[in-house]
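# Summary of structural features
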Amino acid sequence: MKILIVEDEPGISNFLKQGLEEESYSVDVAEHGKLGLELALTGDYDLLLLDWMLPAASGIEICRQFRIKFKETPVIFLTAKDTVDETIFGLQSGANDYIKKPFHFDELLERIKVQLRPKSGEHSIFTLGNIVLNTKTHRVFKEHEEIYLTQKEFALLEFLIKNKGSVCKRTSIIQKVWDIHFDYNTGVIDVYINALRKKLKLTTNEDYIQTVRGIGYIAEEL
Ligand code: CA
């Protein structure tokens, strides 16, 4: 799951980024409204965390423009504006939730989880051959044996499994699993893919993660 934080106070955004990454989310940070809006509209995020008062474009402006293009993606305001009128205004601009600063990280985290909770009809359990991945508990099993993955490995497997049967381009994987500071020239994805194959003990008979040369990877049952 990938979250965009638009926040101009580095103390807050660094704290949030670190905390959310420890919870296995991929996080991008924009420190002003213009970059925030640009990333929000192009970055394929699962959730936006918006400050209200920002240089270049306000959180309200970002939220409104974002809503025109993305109707369903949750938006949470995280702001020092705390009157009832401001809260209502923020929610009316298209946000799903509104948290006032100062905030408790644990509460924010729970509110994020509520927004990202699978909707009825959506599943939290995904399978790939004899591998079972649960997005709710963040656990992976292979034939009832638990496989312990790092946060990035889990995010990578989740992305591949959710797109089972379709080729995942390297650029899409980077966008979804890593952050904007990712160095495209490194072989990091291949390293992670190989680590996954190893941890999942994929033999030639169950090579569920295939390389699509020059393009990316595909998760497929054979
Ligand atoms: Ca601010």
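Description of the structure in this document. (Residues numbered from 1 in each chain as written. Predicted model: local features only at pLDDT ≥ 70, side-chain atom pairs only at ≥ 80, totals over all residues. Heavy atoms only, no water.)

For the rest of this paragraph, the subject is helix H3 (residues 59-69). When H3 is considered as a whole, its buried residues turn out to be Gly59, Ile60, Ile62, Cys63, Phe66 and Arg67. For H3, the angular spread of the buried residues around the axis is 160°, confining them to a single face. Residues of H3 that are exposed and point over 90 degrees away from its buried face: Ile68 and Lys69. In this fold, the buried residues of H3 make contact with strand S1 (2-6), helix H2 (33-42), strand S3 (47-50), strand S4 (75-79) and helix H4 (84-92). (Buried < 20%, exposed > 50% of the residue type's maximum accessible area, 1.4 Å probe, protein only. Helix = DSSP H or I, 4+ residues; strand = E, 2+ residues; numbered from the N terminus. Arc of directions from axis to C-beta. Contact = heavy atoms within 4.5 Å.)

Going through the model one piece at a time under the given rule, you end up with 18 salt bridges. The partner of lysine 2 in a salt bridge is aspartate 28, and the shortest N-O contact between them spans 3.6 Å. Taken together, the residues lysine 2 in strand S1 and aspartate 28 in strand S2 (residues 26-30) connect sequence positions 26 residues apart. Aspartate 28 sits in the buried class, given a relative accessible area of 2%. Ionic pairing is found between arginine 139 and glutamate 146, a salt bridge with its closest N-O pair at 2.8 Å. The buried category is assigned to glutamate 146, whose relative accessible area is 18%. (Salt bridge = Lys/Arg side-chain N within 4 Å of Asp/Glu carboxyl O.)

A few words on the coordination of the calcium ion. Asp8 (OD), Asp51 (OD) and Met53 (O) make up the full set of protein donors to the calcium ion, lying at 2.1 to 2.4 Å. Motif for the calcium ion, donor spacing along one chain: D-x42-D-x1-M. The exposure class assigned to aspartate 51 is buried, which follows from its relative accessible area of 4%. (Donors = N, O, S within 2.8 Å, 3.2 Å for Na, K, Ca; no water.)

Between its first and last C-alpha atoms helix H8 (residues 188-199) spans 16 Å; for twelve residues at 1.5 Å apiece the expected length is 16 Å, and the two agree. Looking only at H8, the buried set comprises Ile189, Ile193, Leu196 and Arg197. Taken end-on, H8 shows its buried residues confined to a sector of 100°, consistent with a single buried face. Residues Val191 and Lys198 are exposed on H8 and point more than 90 degrees away from its buried face. Check the buried side of H8 and you find it contacts helix H6 (151-162), helix H7 (170-177), strand S11 (209-212) and strand S12 (216-219). Looking at the residues trailing H8, positive phi occurs at lysine 201, about 50°. (Expected span 1.5 Å × (residues − 1).)

Looking at where leucine 54 falls in the secondary structure, it is placed in the loop between S3 and H3. We classify leucine 54 as buried; its relative accessible area is 13%. Between the C-alpha atom of leucine 54 and that of lysine 34, which follows or precedes it by 20 residues, the distance is 9.1 Å. When residues no more than four places from it in sequence are discounted, the contact partners of leucine 54 are Val6, Glu7, Asp8, Gly33, Gly59 and Ile62.

Per the stated rule, a full pass over the model turns up seven aromatic pairs. On the numbers, 5.9 Å between centres and 40° between planes, the contact of tryptophan 52 with phenylalanine 77 is tilted. Separated by 25 residues along the polypeptide, tryptophan 52 in the loop between S3 and H3 and phenylalanine 77 in strand S4 bring together distant segments of the chain. For phenylalanine 77, a relative accessible area of 0% translates into the label buried. With a centroid separation of 4.8 Å and an interplanar angle of 25°, the aromatic rings of phenylalanine 66 and phenylalanine 70 are classed as stacked. Judged by relative accessible area, which is 23%, phenylalanine 70 ranks as partly exposed. In this structure an aromatic cluster arises from ring pairing among Trp52, Phe77, Phe89 and Tyr98. Over the ring of tryptophan 52 we find lysine 81, and its NZ or CZ is 5.3 Å from the ring centre. (Phe/Tyr/Trp six-rings, centres within 6.5 Å; stacked < 30°, edge-to-face > 60°. Lys NZ or Arg CZ within 6 Å of the ring centre and 35° of its normal.)

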